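Listed here are the chains, written in short residue letters.
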Amino acid sequence: FTSSLVPIPLQGSQTQIDASPSTSDPNFSDINNVLCPSGPDGPGQSWFAGDGGSALITVRTQTQLMAVGLRLGNTFQSDHGTTTFR
């Protein structure tokens, strides 16, 4: 990391992260897996939205954050992965 790219932890007792729709597969349903992933891609490490639609991810930190970027992990699992982010 450099002085212009410093991670801000989003996991914590005051942070609320919601995502829907999520896959029904319990191996890929934990939204926390998209926040600066550091492990290998796959079951227990990746998050899938529900098939065939758009997902909404909301992060509430209960504090003010001064950030100019956001890093999310994308999966490389077959037939899955984010193609558009806005």
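Our structure is the block above this text.
What counts, and where the lines are drawn
Residues numbered from 1 in each chain as written. Predicted model: local features only at pLDDT ≥ 70, side-chain atom pairs only at ≥ 80, totals over all residues. Heavy atoms only, no water. Helix = DSSP H or I, 4+ residues; strand = E, 2+ residues; numbered from the N terminus. Buried < 20%, exposed > 50% of the residue type's maximum accessible area, 1.4 Å probe, protein only. Contact = heavy atoms within 4.5 Å. Areas by Shrake-Rupley, 256 points an atom, 1.4 Å probe, with all protein chains shown as cover. Phe/Tyr/Trp six-rings, centres within 6.5 Å; stacked < 30°, edge-to-face > 60°. Polar contact = N/O pair within 3.5 Å; in protein donor to acceptor, adjacent residues only side chain to side chain. Core = buried A, V, L, I, M, F, W, Y, C linked by side-chain atoms within 4.5 Å. Salt bridge = Lys/Arg side-chain N within 4 Å of Asp/Glu carboxyl O.

Novice: Whenever I open this one, the overall build of the chain confuses me. Can you help?
Specialist: Check the secondary structure of the chain and you find 0 helices and 2 strands. A buried classification covers 17% of the 86 residues belonging to the chain. Counted over contacts in the chain with a minimum sequence separation of 6, partners at least 24 positions apart contribute 63%. For the chain, the exposed area adds up to about 6,600 Å²; of that, 51% sits on carbon and sulfur atoms.

Novice: Got a minute to help me understand the side chain of Asn33 in this structure?
Specialist: One can find Asn33 in the loop between strand S1 (16-20) and strand S2 (56-60). Apart from residues no more than four positions distant in its own chain, Asn33 is found in contact with Gly44, Gln45, Ser46 and Trp47.

Novice: Help me out: how do you make sense of the packing of aromatic side chains in this one?
Specialist: Working definition: an aromatic ring pair is given by the centre-to-centre distance plus the angle between the planes. Tallied over the full model, the rule gives 1 aromatic pair. Both rings, one in Phe28 and one in Phe48, keep their centres 4.0 Å apart while their planes meet at 5 degrees; by these two values the pair is stacked. Here Phe28 is found in the loop between S1 and S2, whereas its partner Phe48 is found in the loop between S1 and S2, with 20 residues between them in sequence. Accessibility classification places Phe28 together with Phe48 in one group, the buried group.

Novice: I keep staring at the environment of Ser46 and nothing clicks. Help me out?
Specialist: As for its placement among the helices and strands, Ser46 is situated in the loop between S1 and S2. Not counting chain neighbours up to four residues away, the residues in contact with Ser46 comprise Asn27, Phe28, Asn33, Asp41 and Thr75. Polar side-chain contacts of Ser46 include one of 2.4 Å to the side chain of Asp41.

Novice: Sorry if this is basic, but what is going on with the nonpolar core here?
Specialist: In globular proteins that are soluble, nonpolar side chains generally tend to be buried together. With 5 residues, the main nonpolar core is built from Ile17, Ile31, Val34, Leu35 and Trp47. With residues near it in sequence (within four places) discarded, Ile31 still touches Ile17, Ala19, Trp47 and Ile57.

Novice: I'm lost on the pattern of salt bridges in this one. Help?
Specialist: For side chains bearing opposite charge, pairing can occur when the charged atoms are close. Inspection of every chain in the model, using the stated rule, returns 1 salt bridge. Its salt-bridge partner being Arg60, residue Asp18 comes within 3.2 Å of it at the nearest N-O pair. You can see Asp18 sitting in strand S1 and its partner Arg60 sitting in strand S2, a full 42 residues away along the chain. Owing to a relative accessible area of 33%, Asp18 belongs among the partly exposed residues under this scheme. Looking at Arg60, the relative accessible area reads 39%, which means it is partly exposed.

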